[in-house]
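A closer look at the structure
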Amino acid sequence: MSLQNSMMAELKTRVDELKMENEYQLRLKDMNYNEKIKELTEKFIQEMESLKTKNQVSGPCNACANTRANIHTDTHTQTHTHTHTH
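Below is a short write-up of the structure. (Residues numbered from 1 in each chain as written. Predicted model: local features only at pLDDT ≥ 70, side-chain atom pairs only at ≥ 80, totals over all residues. Heavy atoms only, no water.)

Quick look at the overall build of the chain
Cut-off, in case you're wondering: Per the convention used, a helix needs a DSSP run of H or I reaching at least four residues, while a strand needs a run of E reaching at least two, with both numbered from the N terminus. Categorising residues by exposure relies on relative accessible area from a 1.4 Å probe, with only protein chains included: less than 20% of the type maximum marks a residue as buried, more than 50% marks it as exposed, and the intermediate range marks it as partly exposed. Surface accessibility in these figures is a Shrake-Rupley result with a 1.4 Å probe; residues are shielded only by whichever protein chains are displayed.
Scanning the chain from terminus to terminus reveals two helices and zero strands. Within the chain, buried positions represent 1% of all 86 residues. Summed over its atoms, the accessible surface of the chain is roughly 8,400 Å², and 59% of this surface lies on carbon and sulfur atoms.

See below:
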């Protein structure tokens, strides 16, 4: 029976070693994935800021510019019509 106990103790030790190695590998993967997420997030934020700056420099989109022009025309027409009615 002592041989059997000895073998069981060795197997238990080996299982514990494998568990620790597995946990270590999982921690490494987590660290690598977290670093990758951080890099991608930073890149995404930089791209967003770049697009915001580009949009501000190039001005509003055509639809926005047309809407503003229509509002200006309507306001001007109302003011002009109001002036002529007096």
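So that's the structure; there's more coming.
Here's the deal with the pattern of salt bridges
As a reminder of what qualifies: The salt bridge definition used is simple: a Lys or Arg side-chain nitrogen within 4 Å of an Asp or Glu carboxyl oxygen.
Under the definition given, this model contains two salt bridges. Between R14 and E17 there is a salt bridge whose closest N-O contact spans 3.5 Å. Taken together, the residues R14 and E17, both in helix α1 (residues 2-58) and three residues apart, mark about one turn of the helix. Ionic pairing is found between K52 and E49, a salt bridge with its closest N-O pair at 3.8 Å. Of the two residues, K52 and E49 both sit in helix α1, three residues apart, roughly one turn of that helix. By relative accessible area, K52 is classed as partly exposed at 45%.

Read these as layout, nothing more, since geometry by itself doesn't imply function.
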